[in-house]
Amino acid sequence: MANVSNEKPRNGLAGLRHWRFDLGAGLQVALVSMPLSLGIAVASGAPPITGIISAIIAGLIFPFLGGAYVTISGPAAGLAPALLAGMLTLGNGDLAAGYPLLLVAICLTGLVQVVLSMVNAGRFAIFLPVTVVEAMLAAIGIMIIVKQIPPLLGDLAPLSKDMITAITKLPESLLRIEWPVFVIGAICLLLMFFLNKTRMNRLKRLPPALVVAVIGILLGYAFNLDSRHLISMPDDILKGGITLPAFEDVWAQTELWGSIIIVVITLTLIDGIESLATIAAVDKIDPFQRKSHANTTLRAMGVSNMLSSIFGGLTIIPGGVKSRANIDAGGRTLWANFYNAVFLIIFLFLAKDLISRIPLAAIGSILVYVGWRLCEFRVFQKTYAIGR
């Protein structure tokens, strides 16, 4: 038998021999994924539980379809602004009405991705300019930051559809500031930056998003926060947590078809570009230097998106933050993604009440940091260095 530590780990049944590495990594990824998934759902204007549902679907499906090795898939912050805009557009400003309609668009997006993979569209990833990807992600980062400022201040006003409106409403948010919420948000935001930048080995081992969520819970109890400022979870996960796509409504309302097509095109482009860019970036830090298959990943994302939408989940793409956590934790194959999903299911059913105690301000601080990483100054320096 070959030495497990010297061979290049493979996916599928052969990858199960690395279960000790992948199981531990899956647990650590789940601890990172839980607060991130909640935050992405909140930023998208969707019920918080939908973020966890999509992360679970991704983890259960992606390992069996392959395409990558240490990449962790799930909901991503990069698509949150597009999902929010799509939901408000389809629901005429009503998030609750727009979400079932958006699920139809997500399902169709997955179908388009599968078709694109059948014509080998993934091969065009090599021609994708780095500057285009960096610019797109930087713009998304700015959107995330702007739209998370109100929750950090305690303003629970409805999310704005576009950036101009969101920016013009910021002064109003300052007038509606809730000081206990602001204090919690400020502390959590400082912690996110400190824990991600610290050079202290003991602190570097702690998942910043998890630490911030826990600190947020404690501060929420200390300030006796009103439930309006906390994550909302359904009483019954299976009955109240799953929203079904409104296929019949979309079919009956022909006036929605144009908007659905625009949303599908938008999600397909952003999802496809970010997915292919992420697996290429993760390949560069894979300790075993394995190369992901762009076309296979595109098909896997398509199938995952269709299944996620059917169970009321968000769009699914490979995630850079969670993939990095997987590599740092010693994950070797896509089974780490599967174990991540299993642990998320356990957390969801055993710690639902605890999850519902996480302040929205703490989640907002996590999202602001994610947005900052997408648009920080070094991103522009890197792009400028590429030249014409």
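Now for a look at the structure at hand. (Residues numbered from 1 in each chain as written. Predicted model: local features only at pLDDT ≥ 70, side-chain atom pairs only at ≥ 80, totals over all residues. Heavy atoms only, no water.)

### Brief notes about the overall build of the chain
Across its full length, the chain carries 19 helices and two strands. For 388 residues, the compact-globule estimate of 2.2 N^0.38 gives 21 Å, and the chain sits close to it at 20 Å. Taken over the C-alpha atoms alone, the chain extends approximately 65 × 55 × 50 Å along its principal axes. Going through the 388 residues of the chain one by one, you find that 53% of them count as buried. (Helix = DSSP H or I, 4+ residues; strand = E, 2+ residues; numbered from the N terminus. Rg over C-alpha atoms; globule rule 2.2 N^0.38 Å. Buried < 20%, exposed > 50% of the residue type's maximum accessible area, 1.4 Å probe, protein only.)

### A few points about the packing of helix α1 (residues 19–44) against helix α3 (residues 80–90)
Where α1 contacts α3, the two axes come as close as 7 Å, and the packing angle between them is 40 degrees. Considering the angle they form, α1 stands oblique to α3. Counting all contacts with α1, which are made through Ile40, Ala43 and Ser44, the residues of α3 involved are Ala80, Leu83, Leu84 and Met87. (Axes fitted to C-alpha atoms, helices over the stretch in contact; angles between N-to-C directions. Parallel < 35°, antiparallel > 145°, perpendicular 65-115°, else oblique. Contact = heavy atoms within 4.5 Å.)

### Details of the layout of surface pockets
Each pocket or cavity is described by its volume, and for the second largest pocket that value is around 600 Å³. Considering the residues around the second largest pocket, the lining is formed by 27 residues, among which Val42, Gly45, Ala46, Pro48 and Leu95 are closest to the centre. Partitioning the lining of the second largest pocket into residue classes produces 19 nonpolar, seven polar and one charged. (1 Å grid on protein atoms, 1.4 Å probe; cavity = no way out; pocket = protein on both sides within 12 Å on 5 of 7 lines; lining within 4 Å. Points joined across faces, edges and corners; volume = space filled by probe spheres on them. Nonpolar A, V, L, I, M, F, W, Y, C, P; charged D, E, K, R; others polar.)

### Quick look at a nonpolar patch on the surface
A cluster of nonpolar residues, Leu238, Ile242, Leu244, Ile310, Phe311, Val342, Ile345, Ile346, Phe349 and Leu350, forms a patch on the protein surface that exposes about 910 Å² of accessible area. Considering each element in turn, the nonpolar patch owes the most residues, five residues, to helix α16 (residues 335–350). Among the secondary structure elements, Leu244 is positioned in the loop between α11 (237–240) and α12 (247–252). Classification of Leu244 as exposed rests on a relative accessible area of 59%. (Patch = residues over 30% accessible without salt bridge, like charges linked within 9 Å, V, L, I, M, F, W, Y side chains within 5 Å. Areas by Shrake-Rupley, 256 points an atom, 1.4 Å probe, with all protein chains shown as cover. Salt bridge = Lys/Arg side-chain N within 4 Å of Asp/Glu carboxyl O.)

### Some remarks on the nonpolar core
Grouped together as the largest cluster of nonpolar side chains are 85 residues, with contacts concentrated most on Leu38, Leu102, Ile231, Met233 and Ile358. Setting aside chain neighbours within four positions, we find Ile231 in contact with Leu38, Val42, Pro48, Ile355, Ser356, Ile358, Leu360 and Ile363. (Core = buried A, V, L, I, M, F, W, Y, C linked by side-chain atoms within 4.5 Å.)

### Some details on the pattern of salt bridges
A full pass over the atoms with the stated rule returns nine salt bridges. Of the charged contacts in the structure, one is a salt bridge between Arg176 and Glu172, with a shortest N-O distance of 3.8 Å. Two residues, Asp226 and Arg228, come together in a salt bridge whose shortest N-O distance is 3.3 Å. Here Asp226 falls in the partly exposed class, since its relative accessible area comes to 38%. Connected via shared salt-bridge partners are Asp155, Glu172 and Arg176.

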